[in-house]
Amino acid sequence: MPFTEWKNEYSVGVPEIDAQHRRLLDIINQLHHAMKMGGKPTAIVEVINELIGYTRYHFAYEERILEDSGYADLEEHRRKHRAMVAQVETFRDSAAEGKATLSLKLMGFLRDWLSKHILETDKQYSDHLADRRAA
Ligand SMILES: [Fe+2]
Ligand SMILES: [Fe+2]
């Protein structure tokens, strides 16, 4: 059983964004696997860097769609994205220093942050985008 997986309730109604969220879940699972295997810090840092890179790409994509559609809560949403990237970069730097206690804390944080962010923050724009498409 994967560490975390897609649930139908995660859907925000935009296929491209759902696909990006699935990809984020995949990378988190990849990272969990690398940590479980007791991989070298360099291998783990590599996966965290992949996660940071893809997260930045996804956040930029989402923010652009929200900006183009005139979404009112964009600034607050952007702030949450920025805080997330900063937090994962901090984890990455700790992993690079080989801090052993990090893994469980990081994995729990990533899994909970992503599901909570999708369910509580991303899903808030679903109706807004659906209204836009209908207009
Ligand atoms: Fe978001
Ligand atoms: Fe998102």
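Our structure is the block above this text.
First things first, this report covers the structure right here in the doc. (Residues numbered from 1 in each chain as written. Chains lettered and ligands numbered in written order. Predicted model: local features only at pLDDT ≥ 70, side-chain atom pairs only at ≥ 80, totals over all residues. Heavy atoms only, no water.)

**Section: the coordination of the iron ion (ligand 2)**
Working reference: metal with six octahedral donors, ideal angles 90 or 180 degrees; metal with four tetrahedral donors, ideal angle 109.5 degrees. We count it as follows: The donor set covers N, O and S atoms within 2.8 Å of the metal, switching to 3.2 Å for Na, K and Ca, and it leaves out water, so a site may look short of donors. Under the classification used here, a metal with four donors is tetrahedral if each angle lies between 85 and 135 degrees, square planar if opposite donors are over 155 degrees apart and the others between 65 and 115, a six-donor metal meeting that same test is octahedral, and anything else is irregular. The way it works is that DSSP assigns letters per residue, a run of H or I at least four long becomes a helix, a run of E at least two long becomes a strand, and they are numbered from the N terminus. The cut-offs for exposure are 20% and 50% of the maximum accessible area for each residue type, with area from a 1.4 Å probe on protein chains only; residues under the lower value are buried, those over the upper are exposed, and the others partly exposed.
Coordination sphere of the iron ion (ligand 2), protein contribution only: His21 (NE2), His58 (NE2), Glu62 (OE) and Asp122 (OD), at 2.1 to 2.2 Å. Coordination at the iron ion (ligand 2) is irregular: its four donor atoms span angles of 83 to 170 degrees at the metal. Expressed as a motif, the donor residue spacing for the iron ion (ligand 2) is H-x36-H-x3-E-x59-D. If you look at the iron ion (ligand 2) and the iron ion (ligand 1), they sit 3.4 Å from each other and are both ligated by glutamate 62. In this pair, histidine 21 is assigned in helix H1 (residues 15-36) and histidine 58 in helix H2 (residues 41-68), connecting sequence segments 37 residues apart. Neither residue differs from the other here; histidine 21 and histidine 58 are each classed as buried.

**Brief notes about the coordination of the iron ion (ligand 1)**
Those donors, Glu62 (OE), His77 (NE2), His81 (NE2), His117 (NE2) and Asp122 (OD), are the protein atoms that reach the iron ion (ligand 1), and they lie 2.0 to 2.2 Å from it. As a motif over one chain, the donors of the iron ion (ligand 1) read E-x14-H-x3-H-x35-H-x4-D.

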